[in-house]
Amino acid sequence: QVQLVESGGGLVQPGGSLRLSCAASGSIFDMNVMGWYRQAPGKERELVARIRSGVITNYADSVKGRFTISRDNAKNTVYLQMNSLKPEDTAVYYCYAYSPIPAQHYWGPGTQVTVSS
């Protein structure tokens, strides 16, 4: 059983940067998909970015050009570099992983990101 724990959230001013980390308790080598979702108050959880098969990346339109997802299999960690942050990026950010064999979904407990002056 893999456990995910996010870190790196906090309060940042508009235009600032944060790097979120998602550390897995076990190997992420077999995780076909790893990604980041976020949920703002009163809104549904939405996909922010994901990396599939280790190399294919997808981003929400709202973060393209500002956020970058990456993974380090040796450290069992996934990162989300967030630049040019906006107040609308304020949300709880969740790490997500999917293993196809057997099919299992994993979620972290979330980390709060607040963008405010």
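To be clear, the structure that these remarks concern was listed above.
Residues numbered from 1 in each chain as written. Predicted model: local features only at pLDDT ≥ 70, side-chain atom pairs only at ≥ 80, totals over all residues. Heavy atoms only, no water.

Caption draft 1: Up close: the state of the cysteines. A full pass over the atoms with the stated rule returns one disulfide. Disulfide pairing places Cys22 opposite Cys95 at an S-S distance of 2.0 Å. The S-S bond linking Cys22 to Cys95 shows a torsion near -85°; that makes this disulfide left-handed. Of this pair, Cys22 sits in strand S3 (residues 18–24) while Cys95 is found in strand S9 (residues 91–100), placing the two residues 73 residues apart along the sequence. For the pair Cys22 and Cys95, one class covers both residues: buried. (Disulfide = S-S within 2.5 Å. Helix = DSSP H or I, 4+ residues; strand = E, 2+ residues; numbered from the N terminus. Buried < 20%, exposed > 50% of the residue type's maximum accessible area, 1.4 Å probe, protein only.)

Caption draft 2: View of the pairing of strand S8 (residues 77–82). Taking burial as the measure, the six residues of S8 include five buried ones, the bulk of the element. Inspection of the sheet shows S3 paired to S8 by six bridges, in the antiparallel sense. Bridge pairing links Ser21 to Tyr79 in S8. Where strand S7 (residues 67–72) and S8 come together, six bridges link them in antiparallel fashion. Paired with Asp72 across the two strands is Thr77, which belongs to S8. (Pairing = 2+ DSSP bridges.)

Caption draft 3: Region of the structure containing the side chain of Asp89. Examined against the element boundaries, Asp89 turns out to sit in the loop between S8 and S9. For Asp89, the side chain forms a polar contact with the main-chain nitrogen of Lys86, separated by 2.8 Å. When neighbours within four sequence positions are excluded, Asp89 is seen to be in contact with Arg38, Arg66, Phe67, Ser84, Val113 and Val115. (Polar contact = N/O pair within 3.5 Å; in protein donor to acceptor, adjacent residues only side chain to side chain. Contact = heavy atoms within 4.5 Å.)

Caption draft 4: The arrangement of the pairing of S3 in detail. Most of S3 is tucked away, with five of its seven residues classed as buried. Taken together, the four bridges between strand S1 (residues 4–7) and S3 define a ladder with antiparallel strand orientation. Looking across to S3, one finds that Leu4 is bridged to Ala24.

Caption draft 5: Main features of the side chain of Arg66. Locating Arg66 in the fold gives a position in the loop between strand S6 (56–59) and S7. Using a relative accessible area of 10% as the deciding quantity, one classes Arg66 as buried. Not counting residues within four places of it along the chain, the set of residues in contact with Arg66 comprises Gln81, Met82, Asn83, Ser84, Leu85, Lys86 and Asp89.

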